[in-house]
There are 2 protein chains.
Amino acid sequence: MSGWYSGRMAATESAGTARRGLRADALRNRQRIVEAARQIFEEQGLDAPLDEVAERAGVGAGTLYRRFPTREDLVEAAFEDELLRVAAITEEALRREDPWAGFCMLVERLCAAMATDRGLSDLLTVRLPTSQVAATMGERHAQALTQLVRRAQEAGVLREDFVPEDIFLFLMANAGVTQVTRHAAPHAWRRLIAYLLAACRAGHSEPLPAAPTPLQTERALLGHAETKGLRPTGRDGQNKS
Amino acid sequence: MSGWYSGRMAATESAGTARRGLRADALRNRQRIVEAARQIFEEQGLDAPLDEVAERAGVGAGTLYRRFPTREDLVEAAFEDELLRVAAITEEALRREDPWAGFCMLVERLCAAMATDRGLSDLLTVRLPTSQVAATMGERHAQALTQLVRRAQEAGVLREDFVPEDIFLFLMANAGVTQVTRHAAPHAWRRLIAYLLAACRAGHSEPLPAAPTPLQTERALLGHAETKGLRPTGRDGQNKS
DNA sequence: TACCAACCGGACATAATTCTCCGGATTTCA
DNA sequence: TGAAATCCGGAGAATTATGTCCGGTTGGTA
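Residues numbered from 1 in each chain as written. Chains lettered and ligands numbered in written order. Predicted model: local features only at pLDDT ≥ 70, side-chain atom pairs only at ≥ 80, totals over all residues. Heavy atoms only, no water.

What follows concerns the overall build of chain A. Along the backbone of chain A there are 11 helices and zero strands. Tracing chain A from N to C terminus, the helices and strands come up as α-α-α-α-α-α-α-α-α-α-α. Counting every position in chain A, which comprises 241 residues, the buried fraction comes to 50%. Taking all contacts inside chain A whose residues are at least 6 apart in sequence as the whole, residues at least 24 apart take part in 67%. (Helix = DSSP H or I, 4+ residues; strand = E, 2+ residues; numbered from the N terminus. Buried < 20%, exposed > 50% of the residue type's maximum accessible area, 1.4 Å probe, protein only. Contact = heavy atoms within 4.5 Å.)

Structural data, given as structure tokens:
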């Protein structure tokens, strides 16, 4: 949103489409498209119709497809800075002195980011490996992640059989919860994570965040069903055959 | 598959479409459609194209839509017996003497059923409240569920702040994991559930099932992305603009 | 200022899915 | 057996999303 294109990255050119040599109006439109995509993806997930992105950006569909030939190109451009921010979480967690606090921080911050951004949620689970950005980011952080886990285990606060891949397991679980509860019980995922962190800890068990009420649960499921593809089916009367 | 239509249910008529008074060929086709739907839904989830159901059933699209005007009608008919089987799990768990074993059995069996049946997974999370069957089944078992939880808590083996709604939380999390890992790491969900059960228990922590290897994790994500909407995009060469 | 290359945008072709219509075939019952 | 009620099935209209094409416009440069 702020400095999504900083000059130092010009060499990397990770977004798949050349940025240099663009005419002024082309560059302007590119920015508007990326910003619109970021919003739409955050609201609707990575499967959102691209025409809607073009509309919000105020450009024609042709402009969008010319600049970003595939959906993946657009996804990469839209989440470039967001992924950097996510990546920074691991390093920030490593800077914490308390190994357990660092570990919890990683899980909680990752899940929190996914809870507020459907696109990011898709990106970190379903689509992770199809994205070039994610690949490089994953490389860059697999090491930090392993380090964070090992440090907590050596401190004796994390169970020995925990493996770094479990983080992804947790992210998938988190995605499953947020996908359904996002609107009616936006904090349900915190309870899931609290359970999982309690299970990771060698011993102990801390009080859980409030559970969603039955009403919240019901509305979570209902609301999500309405949001997804379950429209009134278009049929008005019975067929009189 | 075997006795999905037992005469004693004729009074209930829960499937939304009348079954009595159907001509012989109509009834035959109805059965074939329901069986085909059960298979397709199990393989592809509840959003599978209905034409595919018609094709596998060996009937025309018109026949399918005449018998089941909405997708929900077909879903209900297809999962009628499956839901009864799921419902029986709770009662079976209650018949176990050990409260903790009963509780674990409930969670594990529910999740196992979801892991092998995409349609059931959808039904128990995303679409649960839109289904009439699920509503009645939910009524019937909310009580047994509460009883199972309370029993375990009174025995001192289940943490006091666990609530029956947490079961749904676990199911959503399980759905999130199985959705992604179904093909490449079909047992990843067991590890998640083991974590969650460990967290539920008041104290203790048992060894976890094997974690998915990095290769499995990668293939899980890749395979799932291929299966879902990420086809080759239809474009072959670069656009030469 | 004037020209050309680059770019814009919407109309259009394509594809997938849902749902309907109706001529023709089949079953049932007298 | 024969007629009438019922049902079948595929063609096709409507909808939604994707990706392309081309006439017209704009920005940059001489």
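Moving on, we come to the packing of aromatic side chains. Residues and elements named next belong to chain A. Inspection of the entire model under this criterion finds 12 aromatic pairs over all chains. Geometrically, the ring pair formed by Phe41 and Phe79 is stacked, given 6.2 Å between the ring centres and 15° between the ring planes. Separated by 38 residues along the polypeptide, Phe41 in helix H1 (residues 24–44) and Phe79 in the loop between helix H4 (71–78) and helix H5 (80–95) bring together distant segments of the chain. Here the two residues Phe41 and Phe79 agree in accessibility, since each one is buried. (Phe/Tyr/Trp six-rings, centres within 6.5 Å; stacked < 30°, edge-to-face > 60°.)

All names here are of chain B. Within this structure, the stated rule accounts for zero disulfides over all chains. Of all cysteine sulfurs in the structure, the one in Cys200 sits closest to Cys104, which takes part in no disulfide; the separation is 8.3 Å. According to the relative accessible area criterion, Cys104 is buried, its value standing at 11%. (Disulfide = S-S within 2.5 Å.)

The immediate surroundings of DNA strand C are formed by 22 residues, with A:Arg23, A:Asn29, A:Arg66, B:Asp51 and B:Arg71 found nearest. For DNA strand C, the backbone portion of the atoms within 4 Å of the protein, that is sugar and phosphate, comes to 59%. Between DNA strand C and A:Gly62, the relevant distance is 3.4 Å, taken from a base oxygen to a main-chain nitrogen or oxygen of the residue. For DNA strand C, a phosphate oxygen lies 3.2 Å from a polar atom in the side chain of A:Thr63. Of all the secondary-structure elements, those providing two or more residues to the surface near DNA strand C are H1 and helix H3 (61–67) of chain A together with helix H1 (24–44), helix H2 (50–57) and helix H3 (61–67) of chain B. (Near = heavy atom within 4 Å. Polar contact = N/O pair within 3.5 Å; in protein donor to acceptor, adjacent residues only side chain to side chain.)

Glancing now at the nonpolar core. By size, the foremost hydrophobic cluster in this structure holds 132 residues, and its most contacted members are A:Phe41, A:Phe103, B:Phe41 and B:Phe103. When neighbours within four sequence positions are excluded, A:Phe103 is seen to be in contact with A:Leu148, A:Val149, A:Leu158, A:Phe162, A:Ile167, A:Leu197 and A:Cys200. (Core = buried A, V, L, I, M, F, W, Y, C linked by side-chain atoms within 4.5 Å.)

Our focus in this paragraph is helix H9 (residues 165–181) of chain A. Between its terminal C-alpha atoms H9(A) stretches 25 Å, which fits the 24 Å expected from 17 residues at 1.5 Å a residue. Within H9(A), 14 of the 17 residues are buried, which leaves it mostly tucked inside the rest of the structure. (Expected span 1.5 Å × (residues − 1).)

This part covers the pattern of salt bridges. Taken as a whole and judged by the stated rule, the model has 18 salt bridges over all chains. The shortest N-O distance in the salt bridge between A:Arg85 and A:Glu82 comes to 3.0 Å. Of this pair, A:Arg85 and A:Glu82 are both found in helix H5, three residues apart, which corresponds to roughly one turn of the helix. Judged by relative accessible area, A:Glu82 falls into the buried class, the value being 14%. Residue B:Arg56 is joined to B:Glu43 by a salt bridge in which the shortest nitrogen-to-oxygen separation is 3.1 Å. (Salt bridge = Lys/Arg side-chain N within 4 Å of Asp/Glu carboxyl O.)

Residues and elements named next belong to chain B. Position of Glu72 relative to the elements: it lies in helix H4 (residues 71–78). Glu72 gets classed as buried once you look at its relative accessible area, which sits at 18%. In the structure, Glu72 is positioned 26 residues away from Leu46 in sequence and 9.2 Å away in space, judged by C-alpha atoms.

This part takes up the side chain of B:Asp166. Here B:Asp166 lies in helix H9 (residues 165–181). Within the structure, the side chain of B:Asp166 is placed 2.6 Å from the side chain of A:Arg191, a separation counted as a polar contact.

Turning our eyes to something else, we now look at H2(B). In an α-helix, one turn spans 3.6 residues; hence positions three or four apart end up facing the same way. Residue and element names in this part refer to chain B. Those residues of H2 not exposed but buried are Leu50, Val53, Ala54 and Ala57. Summarising the axial view, the buried residues of H2 lie within an arc of 100°, below the 170-degree limit, and thus occupy one face. For H2, the exposed residues set more than 90 degrees away from the buried face come down to Asp51 and Glu55. Here the buried face of H2 lies against H1, H3 and H4. (Arc of directions from axis to C-beta.)

Geometric descriptors of this kind do not, in isolation, establish any biological role.
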